[in-house]
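Structure assessment
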Amino acid sequence: MRPAMKLPPSPGCTGSTLGLLFRQLRDGMWARMALELANAGHELTFSQYIVLKELAAGTAGVTELARSAQLDPGGMTRLLDKLEARGFVARVADPSDRRAVHINLTDTGRTMWEEVNHLGLRVRERAMRGLSEADRIRLTELLMQVRDNLSSDD
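Attention here is on the structure that accompanies the text.

So, how was this worked out
Residues numbered from 1 in each chain as written. Predicted model: local features only at pLDDT ≥ 70, side-chain atom pairs only at ≥ 80, totals over all residues. Heavy atoms only, no water. Phe/Tyr/Trp six-rings, centres within 6.5 Å; stacked < 30°, edge-to-face > 60°. Helix = DSSP H or I, 4+ residues; strand = E, 2+ residues; numbered from the N terminus. Buried < 20%, exposed > 50% of the residue type's maximum accessible area, 1.4 Å probe, protein only. Lys NZ or Arg CZ within 6 Å of the ring centre and 35° of its normal. Axes fitted to C-alpha atoms, helices over the stretch in contact; angles between N-to-C directions. Parallel < 35°, antiparallel > 145°, perpendicular 65-115°, else oblique. Left-handed = near helix turned anticlockwise from the far one by under 90°. Contact = heavy atoms within 4.5 Å. Nonpolar A, V, L, I, M, F, W, Y, C, P; charged D, E, K, R; others polar. Pairing = 2+ DSSP bridges. Patch = residues over 30% accessible without salt bridge, like charges linked within 9 Å, V, L, I, M, F, W, Y side chains within 5 Å. Areas by Shrake-Rupley, 256 points an atom, 1.4 Å probe, with all protein chains shown as cover. Salt bridge = Lys/Arg side-chain N within 4 Å of Asp/Glu carboxyl O.

A few words now on the packing of aromatic side chains. Tallied over the entire structure, the rule returns 3 aromatic pairs. Both rings, one in Tyr-49 and one in Trp-113, keep their centres 5.4 Å apart while their planes meet at 40 degrees; by these two values the pair is tilted. Here Tyr-49 is found in helix H2 (residues 46-56), whereas its partner Trp-113 is found in helix H5 (residues 107-127), with 64 residues between them in sequence. Assessed through its relative accessible area of 5%, Tyr-49 is described here as buried. Classification of Trp-113 by relative accessible area gives buried; the value is 11%. Chaining the aromatic ring pairs together yields one cluster made of Trp-30, Phe-46, Tyr-49 and Trp-113. Geometry around Trp-30 places Arg-26 over its ring, the cationic atom sitting 4.5 Å from the centre.

What follows is the structure in structure tokens.
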């Protein structure tokens with residue numbers, strides 16, 4: 001049996017360069033969003049923004065929210081405590097499972113989401129500036145493919 005042939009990395013796109021670029025993009029998006037929130041006078045962290053965004057789409061559990069905001073469960077609990085103290089979220093016990101808790105946006109939380117949603121759209125628009133609609137679609141498709149490649153078990 002012949003050993004598998006290793007392909008050389010593409011020029012300018014080594015694994016470390018690609019990983020670094022992804023990290024820089026993520027960090028840049030987070031930093032820009034934090035700046036937008038601060039400039040608009042909203043005392044929200046990026047992670048709190050992500051939680052509001054997730055909950056605007058519907059009820060979620062703590063684990064799901066922690067995954068979305070890239071926090072450990074303890075960090076998510078502390079974040080939810082802060083959002084609950086500000087009246088943005090409410091914890092609701094699952095009637096079919098006493099151990100499970102669902103997190104919902106309150107009316108105050110929904111109002112806050114409506115105030116900050118456009119900031120996220122502005123950051124995304126800034127990130128995509130100079131790209132045609134076709135390029136935006138293709139970029140998104142390519143990034144989803146890379147994500148899925150890394151998530152697959154094969």
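The rest of the description comes next.
Running from N to C, H2 and helix H3 (residues 62-69) point in directions that differ by 130 degrees, and their axes come no closer than 9 Å. The angle between H2 and H3 places the two elements in the oblique class. Crossing geometry of H2 relative to H3 is assigned as right-handed. Taking contact as the criterion, the partners of Ser-47, Ile-50, Val-51, Glu-54 and Leu-55 in H2 are, on H3, Leu-65, Ser-68 and Ala-69. Considered class by class, the residues forming the contact of H2 with H3 number 5 nonpolar, 2 polar and 1 charged.

Further remarks concern unusual backbone geometry. With a phi angle near 55 degrees, Gln-70 is a residue other than glycine that sits in the positive phi range. Assignment of secondary structure puts Gln-70 in the loop between H3 and helix H4 (73-85).

The pairing of strand S2 (residues 89-94) with strand S3 (residues 97-105) spans 6 bridges and is antiparallel. Considered in S3, the bridge of Arg-91 is made with Ile-103. Hairpin geometry of S2 and S3 is characterised by an intervening segment of 2 residues between the two adjacent antiparallel strands.

Turning our eyes to something else, we now look at a nonpolar patch on the surface. Together, Leu-131, Leu-139 and Leu-143 give the surface a local cluster of nonpolar side chains, amounting to about 200 Å² of exposed area. By secondary structure assignment, the location of Leu-131 is in the loop between H5 and helix H6 (133-151). Owing to a relative accessible area of 32%, Leu-131 belongs among the partly exposed residues under this scheme.

Taken as a whole and assessed by the stated rule, the structure comprises 9 salt bridges. Residue Arg-23 is joined to Asp-27 by a salt bridge in which the shortest nitrogen-to-oxygen separation is 3.3 Å. One end of the pair, Arg-23, and the other, Asp-27, are both in helix H1 (residues 15-39), 4 residues apart, so they sit about a helical turn from each other. Its relative accessible area of 47% is what places Arg-23 among the partly exposed residues. Across the salt bridge formed by Arg-138 and Glu-141, the nearest N and O atoms sit 3.6 Å from each other. Here Arg-138 and its partner Glu-141 are both found in helix H6, 3 residues apart, which amounts to about one turn of the helix.

Honestly, it's all geometry; don't read function into it.
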